[in-house]
Every structure is written in C-alpha cells, then in structure tokens.
Amino acid sequence: MGEDGSRLLYRSEGCFKSFWNTYSIYEDRIELEFKLFFTTIVIRRADFVNIDIFRPPVIRTSWGALKLDFADVFTHVGITRNCGYFKEIRFTPEDPYAFKDAVRKWSH
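Everything numeric here is computed off the predicted structure, so don't read it as measured data.

K.L.:
Help me understand the side chain of Glu31 in this model?
P.N.:
Position of Glu31 among the secondary structure elements: in strand 3 (residues 29–34). Residues in contact with Glu31, not counting those within four places in the same chain, are Thr22, Tyr23, Ser24, Tyr26, Thr40, Ile41 and Val42.

K.L.:
Just to check I follow, could you spell out a negative patch on the surface for this structure?
P.N.:
A surface patch of negative charge is lined by Glu13, Glu94, Asp95 and Asp101. Checked against the element boundaries, Asp101 lands in helix 1 (residues 96–107). For Asp101, a relative accessible area of 46% translates into the label partly exposed.

K.L.:
Whenever I open this one, the pattern of salt bridges confuses me. Can you help?
P.N.:
Under the criterion given, the structure shown has seven salt bridges. With a closest N to O distance of 3.7 Å, Asp52 and Lys100 form a salt bridge. In this pair, Asp52 sits in strand 5 (residues 48–54) while Lys100 sits in helix 1, placing the two residues 48 residues apart along the sequence. Assessed through its relative accessible area of 35%, Asp52 is described here as partly exposed. Among the ionic pairs, Lys67 bridges to Asp72, the shortest N-O distance being 2.8 Å. The partly exposed category is assigned to Lys67, whose relative accessible area is 24%. Here Asp72 falls in the partly exposed class, since its relative accessible area comes to 30%. A single network of salt bridges, built from pairs that share partners, joins Asp28, Arg29, Glu31 and Arg44.

K.L.:
Teacher, can you tell me more about helix 1 here?
P.N.:
Owing to its 3.6 residues per turn, the α-helix brings residues three or four apart onto one side. An ideal rise of 1.5 Å per residue puts 16 Å on 12 residues; helix 1 measures up with 16 Å between its terminal C-alpha atoms. Buried within helix 1 are the following residues: Pro96, Phe99, Ala102, Val103 and Trp106. One side of helix 1 carries all its buried residues, which in axial view fall inside an arc of 125°. Where helix 1 starts, the residue carrying a side-chain oxygen 3.1 Å from the main-chain nitrogen of Tyr97 turns out to be Asp95.

Here is what the cut-offs are and how they apply
- Residues numbered from 1 in each chain as written.
- Predicted model: local features only at pLDDT ≥ 70, side-chain atom pairs only at ≥ 80, totals over all residues.
- Heavy atoms only, no water.
- Helix = DSSP H or I, 4+ residues; strand = E, 2+ residues; numbered from the N terminus.
- Contact = heavy atoms within 4.5 Å.
- Patch = residues over 30% accessible without salt bridge, like charges linked within 9 Å, V, L, I, M, F, W, Y side chains within 5 Å.
- Areas by Shrake-Rupley, 256 points an atom, 1.4 Å probe, with all protein chains shown as cover.
- Salt bridge = Lys/Arg side-chain N within 4 Å of Asp/Glu carboxyl O.
- Lys, Arg positive; Asp, Glu negative; His and termini not counted.
- Charge placed at Lys NZ, Arg CZ, Asp CG, Glu CD.
- Buried < 20%, exposed > 50% of the residue type's maximum accessible area, 1.4 Å probe, protein only.
- Expected span 1.5 Å × (residues − 1).
- Arc of directions from axis to C-beta.
- Polar contact = N/O pair within 3.5 Å; in protein donor to acceptor, adjacent residues only side chain to side chain.

In structure tokens:
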C-alpha cells in the first residue's frame, strides 16, 4: 500500500537504463522516482493527459520534455500532464509496453 493507503497497481523496479529509478502506479496517482534530484514526481489522475511510447533517437520530438533517465537511447514512455513546469516527462521503465498498458487501464 502507498503512504496514504492507496493500493499499488504496477511497479517498474529500478535498473541500469532507468538510473535505478522506480516507477509506480497507484490507484490515485503515478509516482516517478527521480534519484538524480532526490525527489519523486507525482502525477494525479486529474493532471494526466496522455501516455505514449517513443523509440530512439528522439532528439527532435522532445525539446521541452524532462527526461528522468536514459530515455534518449532506449525505447521509453512519455507522459503528458496538464500542470507543472515540464508538461511532458520521459522515462524508461523495465517494460515500456507493460507500463503503458497499466497506465491506460488506470486512466479509464
């Protein structure tokens, strides 16, 4: 269970390509650990807009995106949200397709 009692639906454990960040989906939010800056980015369901998968190279498609890990060199996920300084966040879960499917189920 999460800190506020929310049930964990999916977790991508840290690995090399994710800089050992853990990415989790709870009933009410998505949590993206960002170890480089010692923080966790939280995306509430109301702030979520879209999710997609991107294959490298993605230099032209991601000028304004915050990349949490090796997203430029591996197939990765991009989440768009409607708040925050960075509207698009890109990161590399263990299995990008499984993570995208879990978010799609979570968002509906």
